[in-house]
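Residue-level structural notes
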Amino acid sequence: MLILGNGRVITRDEKNPFLEKGAVAIEGTTIQKVGGLEEVRAAYPDADFIDAGGKVIMPAFINAHEHIYSAFARGLSVKGYDPKGFLDILDGMWWTIDRNLTLQDTYLSAMATYIDCIRNGVTTIFDHHASFGSIRDSLFHIEKAAKETGVRSCLCYEISDRDGKDKARDSVMENAEFIRYAQKDDSGMIAGMMGMHAQFTISDETMELAAANKPDGAGYHIHVAEGIEDLHHCLKHYGKRIVDRLMDWDILGEKTLLGHCIYINGHEMDLIRDTNTMVVHNPESNMGNACGCPPTMELVHRGILTGLGTDGYTHDMTESFKVANVLHKHHLCDANAAWGEVPQMLFYNNAKIANRYFKQELGVLKEGAAGDVIIVDYNPLTPLGADNANGHILFGMNGSKVVTTVANGKVLMKDRELQGIDEEKVMADCQEASGALWKRING
């Protein structure tokens, strides 16, 4: 038994939303009780106790769209890189990196990303991987890092024809093999999807190959209309809009996650909603790539299950929360925009997305839910309660304020100290491997 207590508890449970001096009791992987400190401690007097010391106790974060493979890009300068548009960014930076990744690079990129996730209170991610220099077994190297660090992960490999048919086939088979492996896993910590880059790099032949090899029970994870070029390509080559093409290939559905969805129209939104397909918004990435602002508020208002991700831009979900809040206010010239929609995406919709792949309830502190809990070093200078907790998180917290992270009942970080991970060695290995990668890229 483990109790995290003596803190202000934000539960995300409508029946018991906030406790001024509360505690959360976890047995194994599952929350057994949430209540007042004295009540919970009396119920489990022999449990290990982590004293929050008046700090905030809340559910751990979920990131609905990550890119582990981008970890070694931090500080990288590619010779001759001078992008004039989104396609130049893809080919000049991201595809250049992924073509040069070894399997060891992928593993270390995963370790570095998972460490950052733990430090920022993120215990569940949906990752979208690419390493066209080393495709086969790449997802299994990421899964090895996931097990070593304890972060729940739904993984996929991005299928693309950009480096030829042989690598496209390898990409399909890597997804299929990993999905079958994950479906046999009973830990509740690993899942798999059929990853796709974007429709403009995937031929009909490869679409057919992916459909033929996708195991039942898994959906697709694909970038959709991230750049206007994607839409123009689909209209020119297939005479239809992107979501229509995905519909024709039976890609849409409740297990499928669409990234970005910037250049889509009302008809496409209706298709996404009517097929119960999921969408994930990545505000900082869209801004950084100058791709434009998606109609995210309209997606939410139409009832489309829309979550929040980082696209590898950061691993701090509170940072994406802050940026999404101001982006849509600015874009819509509406100071009332995003106050309700973005918290819904981060705190509720991400959990709903995750629970389409992971059985145990996530994103909430209540009996029976997964033991994913964080303690945040935050002492409010104004009244804090269930009615204004989102405002406190938005304006008073960030990832670096997370002091303790528990995932699936296991303490991954306590008092800012990682548990069971030799961070110093991992960082040293990353520095060596990334330096070698940079030399390969720049000659």
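Residues numbered from 1 in each chain as written. Predicted model: local features only at pLDDT ≥ 70, side-chain atom pairs only at ≥ 80, totals over all residues. Heavy atoms only, no water.

**Description of the sheet that holds strand β14 (residues 306–308)**
In space, the 5 strands of this open sheet follow the order β10-β11-β12-β13-β14, with parallel pairing throughout. The open sheet is flanked by β10 (194–198) and β14, the only strands paired with a single partner. On average, each strand axis in the sheet is tilted by 25 degrees relative to the strand beside it, whichever way the strands run. As defined by bridge partners, strand β13 (residues 278–281) adjoins β14 across 3 bridges and the pair is classed as parallel. Looking at β14, one finds that His281 is bridged to Leu308. (Pairing = 2+ DSSP bridges. Helix = DSSP H or I, 4+ residues; strand = E, 2+ residues; numbered from the N terminus. Axes fitted to C-alpha atoms, helices over the stretch in contact; angles between N-to-C directions.)

**Examining the pattern of salt bridges**
In this structure the tally under the stated criterion is 26 salt bridges. With a shortest N-O distance of 2.8 Å, Arg241 and Glu268 are connected by a salt bridge. Of this pair, Arg241 sits in the loop between α7 (228–238) and α8 (242–248) while Glu268 sits in helix α9 (residues 266–274), placing them 27 residues apart in sequence. Close ionic contact of Asp270 with Arg273 constitutes a salt bridge, the shortest N to O distance being 3.2 Å. Of the two residues, Asp270 and Arg273 are both situated in helix α9; the distance of 3 residues between them amounts to about one turn of the helix. Of the residues examined, Asp270 reaches a relative accessible area of 27% and is grouped as partly exposed. When its relative accessible area of 34% is taken as the criterion, Arg273 is described as partly exposed. Connected through salt bridges with shared partners, the residues Asp270, Arg273, Asp274, Glu298 and Arg302 form a single ionic network. (Salt bridge = Lys/Arg side-chain N within 4 Å of Asp/Glu carboxyl O. Buried < 20%, exposed > 50% of the residue type's maximum accessible area, 1.4 Å probe, protein only.)

**Here we look at the sheet that holds strand β6 (residues 61–66)**
The 4 strands are arranged β6-β7-β8-β9 in an open sheet whose pairing can be described as parallel. The outermost strands of the open sheet, each flanked by one partner alone, are β6 and β9 (190–192). Looking at each pair of strands side by side, their axes are set apart by 15 degrees on average, direction ignored. Contacting β7 (122–127), β8 (152–155) and β9, helix α4 (residues 138–149) runs over the sheet at an angle of about 170 degrees to β8. (Contact = heavy atoms within 4.5 Å.)

**Here's the deal with the packing of aromatic side chains**
The final tally for this structure, using the stated rule, is 10 aromatic pairs. Ring geometry for Phe321 against Phe347: centres 5.6 Å apart, planes inclined by 90 degrees, an arrangement best described as edge-to-face. Residue Phe321 is located in helix α12 (residues 317–332), and its partner Phe347 is located in helix α13 (residues 341–354); the two are separated by 26 residues in the primary sequence. On the basis of relative accessible area, Phe347 is assigned to the buried category, the value being 7%. Connected via pairs of aromatic rings, a cluster forms that spans Phe61, Phe321 and Phe347. The positively charged end of Arg41 is found above the aromatic ring belonging to Phe49, 3.8 Å away from the centroid. If you follow Arg152 out to its NZ or CZ, it ends over the ring of Phe358, 6.0 Å from the centre. (Phe/Tyr/Trp six-rings, centres within 6.5 Å; stacked < 30°, edge-to-face > 60°. Lys NZ or Arg CZ within 6 Å of the ring centre and 35° of its normal.)

**A closer look at the nonpolar core**
In terms of nonpolar packing, the biggest core is built from 70 residues, with Val56, Met58, Phe61, Ile97, Tyr114 and Val376 touching the most fellow members. Per element, the largest residue contribution to this core is 9 residues, and it comes from helix α3 (residues 103–119). Setting aside residues up to four positions removed in sequence, Ile97 forms contacts with Tyr69, Ala73, Leu76, Leu437 and Ile441. (Core = buried A, V, L, I, M, F, W, Y, C linked by side-chain atoms within 4.5 Å.)

**What about the environment of Ala290?**
Its location among the elements puts Ala290 in the loop between α10 (283–288) and α11 (296–301). Among the residues examined, Ala290 registers a relative accessible area of 67% and is labelled exposed. Along the backbone, Ala290 and Ser153 are 137 residues apart, and their C-alpha atoms lie at a distance of 29 Å.

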